[in-house]
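# Understanding the architecture of this molecule
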Amino acid sequence: MLLTISTTYPPATDLGYLLHKHPSRIQSFKLAFGQAHVYYPEAHAERCTAALLLDVDSVGLTRRPHGQFSENFALAQYVSDRPYVASSFLSVAIARVFSSALSGKCKEHPDLAETAIPLRAKLSILPCRGGEELLRRLFEPLGYIVEAERHALDAQFSDWGESRYFTVTLENTCRLSELLTHLYILMPVLDDEKHYWVDDAEIEKLSRRGNDWLAAHPEQESIVRRYLKHQQGLTRKALAQLREEDVQQTDEPIQQEAEAQVEERMGLNDVRLAAVTEVLKQCGAKRVLDLGCGEGKLLRRLLAEDQFEEIVGMDVSHRALKIARERLRHDRLPEKQKKRLRLFQGSLGYRDKRLVGYDAAVVVEVIEHLDLPRLSAFERVLFESACPRTVLLTTPNIEYNVKFENLQAGRFRHKDHRFEWTRDEFQSWATSISNRFGYTVMFHSIGPEHEDVGSPTQMAVFVREGREGKIT
Ligand code: SAH
């Protein structure tokens, strides 16, 4: 199974920097299912081609547990196509062998990694369930010029007709990381098969790697369905997340600006984050979640406190997480600090095993961004499934809005807020949650307190009454 990638972008040999593989060397990598070799059939300033040759160990495969073969019949282990075609094995090989290039990193030439360059990928052999038509429907919307040569099953048995196997070339002017990402996701989609079991982690992968292009892809549904091996539950969840994220991506920066403008005169954000940090310290938490962490302002404060040994930031928006990583200089943090902090994408609308087992979770100015009908899903995700010992949750107090000179009467503080609550509304919601899920709750005011309307931010602190976290 061979994948070649060529460019004519001068000097074309810089492809070696982008792939982190020197054009004059042959390199081999041992993988769980065989070996990968990288070499350059041509390397000139005008044109350079890198080849990834995947040598799948067919004997080894037959000894692996179930699920390695696309065909489930008695002779499958003798006539498997797996060693000879581009499949999820090749995706895994790309992620291993070209991991930096796949994530768009290039220390020597960071600008080049960010540049759209003419690229040509050739795959022999690519199995396409759905034929050339699907192949085109998947790659053409992403700007590729697609050439496909279909192979007959066997000349000797020509009446067996055409096979589903193609030699494919794909040409595009794009970043190398984009090309690799598209191949990584779409090869197993075309093959409609995967050599490993898929679970929630696969949704995360899909959403991370499909971040910029999948939400708008006309074949989004079939890509997600096939990528998740037709598991209905996972597919539904992934599609919903993509849609949610799409909404967040379009209007989030404007939202955060607008909110900051209304509240900034009193430096409310700083006051709020300081108050949250203080309560979190007092409750003795060591392992903490910041859910809807946004651009990471609270995470920065938490990192400065030695008490917090493990700090996790989660947000539905990839863009917010990217900014958080940059602001926190996550890549450049000293090793000890880096180990304390983890950021990942996820949605508070879905149960998530990654959130189970923490001492405390903070949810600062997030619930008012959730649609009211989805609030009950959030409640179960946090208080029933993740179930940390302590939960700190803040939200605007709508009664205080009359005190903001720069906010028109009757408006929410923020264009994306789906609701803002009075103190009574918030307290009765929080009390009913504490009763339902076995927590006690206390309320605090944050910001300048006004006799009639209270303070601008209201906080509930929930403490669990001795029940262990579990996922049901
Ligand atoms: N907690 C941060 C950010 C608040 S803005 C702070 O106080 O500064 C609200 C954040 O919630 C945004 O970053 C948004 O992307 C995130 N968010 C909205 N809906 C979400 C959901 N369903 N799951 C996780 N995060 C969500």
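Our subject in this report is the structure included herewith. All values derive from a computational prediction rather than experimental measurement.

Cut-offs applied
- Sequence order sets the numbering: in each chain, residues are counted from 1 along the sequence as written.
- Reporting in this predicted model follows two pLDDT cut-offs: at least 70 for local features of residues, and 80 or more for side-chain atom pairs to be given and counted; totals over whole chains, interfaces and linings ignore these cut-offs and use all residues.
- As a rule here, side-chain values come from all non-hydrogen atoms in the structure, and water together with hydrogens is ignored.
- Put simply, DSSP H or I for four residues or longer makes a helix, DSSP E for two residues or longer makes a strand, and each gets a number counted from the N terminus.
- The buried label goes to any residue with under 20% of its type's maximum accessible area, the exposed label to any with over 50%, and the partly exposed label to all in between, with areas taken from a 1.4 Å probe on protein chains only.
- Polar contact is the term for a pair of N or O atoms within 3.5 Å; when the atoms are in protein, one must be able to donate a hydrogen and the other to accept it, and sequence-neighboring residues count only if both atoms are side-chain atoms.
- Pairs of strands are assigned from DSSP output, requiring at least two bridges between the strands.
- Lines fitted to C-alpha atoms define the axes, with helix axes restricted to the stretch in contact, and inter-axis angles between N-to-C directions lie between 0 and 180 degrees.
- Note on ring pairs: Phe, Tyr and Trp rings are taken, using the six-membered ring of Trp, and paired if centres are within 6.5 Å. Classes follow the plane angle, with under 30 degrees stacked, over 60 edge-to-face and the rest tilted.
- Whether a charge sits over a ring comes down to the Lys NZ or Arg CZ being within 6 Å of the ring centre and within 35 degrees of the ring normal.
- Here, residues are in contact when the closest pair of their heavy atoms is within 4.5 Å.
- Any carboxyl oxygen of Asp or Glu that lies within 4 Å of a side-chain nitrogen of Lys or Arg is treated as forming a salt bridge with it.

With that out of the way, let us pick up the side chain of glutamate 295. Summarising the element assignment, glutamate 295 is placed in the loop between strand S8 (287–291) and helix H13 (297–303). Look at glutamate 295 and you get buried, because its relative accessible area is 18%. Of the polar contacts made by the side chain of glutamate 295, one reaches the side chain of arginine 327; its length is 3.1 Å.

Next up on the list: the sheet that holds strand S3 (residues 34–43). Reading across from one edge, S2-S3-S4-S1-S5-S7-S6 is the order of the seven strands in this open sheet, with antiparallel pairing throughout. Every other strand in the sheet has two partners, leaving strand S2 (27–31) and strand S6 (145–152) as the edge strands with one partner each. Averaged over all pairs of adjacent strands, the angle between their axes in this sheet comes to 15 degrees, without regard to strand direction. By the bridge criterion, 10 bridges tie strand S5 (residues 117–127) to strand S7 (residues 162–174) in an arrangement that is antiparallel. Looking across to S7, one finds that proline 118 is bridged to threonine 173.

We now examine the packing of aromatic side chains. Enumeration according to the criterion identifies 12 aromatic pairs in this entry. Measuring from ring centre to ring centre gives 5.4 Å for phenylalanine 139 and tyrosine 144, while their planes differ by 90 degrees; the resulting arrangement is edge-to-face. Note on phenylalanine 139: relative accessible area 1%, which makes it buried. The rings of Phe419, Trp421, Phe426, Trp429 and Phe443 are connected pair by pair, giving a single aromatic cluster. Here the basic side chain of arginine 209 rests over the ring of tyrosine 184, its NZ or CZ set 5.1 Å away from the ring centre.

One can find leucine 31 in strand S2. Taking the C-alpha atoms as reference, leucine 31 lies 7.5 Å from alanine 93; in sequence the two are 62 residues apart.

Mapping tyrosine 9 onto the fold places it in the loop between strand S1 (2–7) and helix H1 (15–19). As for tyrosine 9 and glutamate 46, which are separated by 37 residues in sequence, their C-alpha atoms are 7.2 Å apart. When near neighbours in sequence (up to four residues on either side) are disregarded, tyrosine 9 contacts Leu112, Thr115, Ile117 and Pro118.

For the rest of this paragraph, the subject is the pattern of salt bridges. Counted according to the given criterion, the structure contains 25 salt bridges. The residue arginine 354 makes a salt bridge to aspartate 352 at a minimum N-O spacing of 2.7 Å. Between arginine 418 and aspartate 371 there is a salt bridge, with the nearest N and O atoms lying 2.6 Å from each other. With arginine 418 in the loop between strand S12 (390–396) and helix H17 (423–437) and aspartate 371 in the loop between strand S11 (360–364) and helix H16 (375–386), this residue pair connects regions lying 47 residues apart in the sequence. Relative accessible area serves as the criterion here: at 35%, aspartate 371 is assigned to the partly exposed category. Three or more residues are tied together by salt bridges with common partners; here these are Glu132, Arg136 and Glu140.

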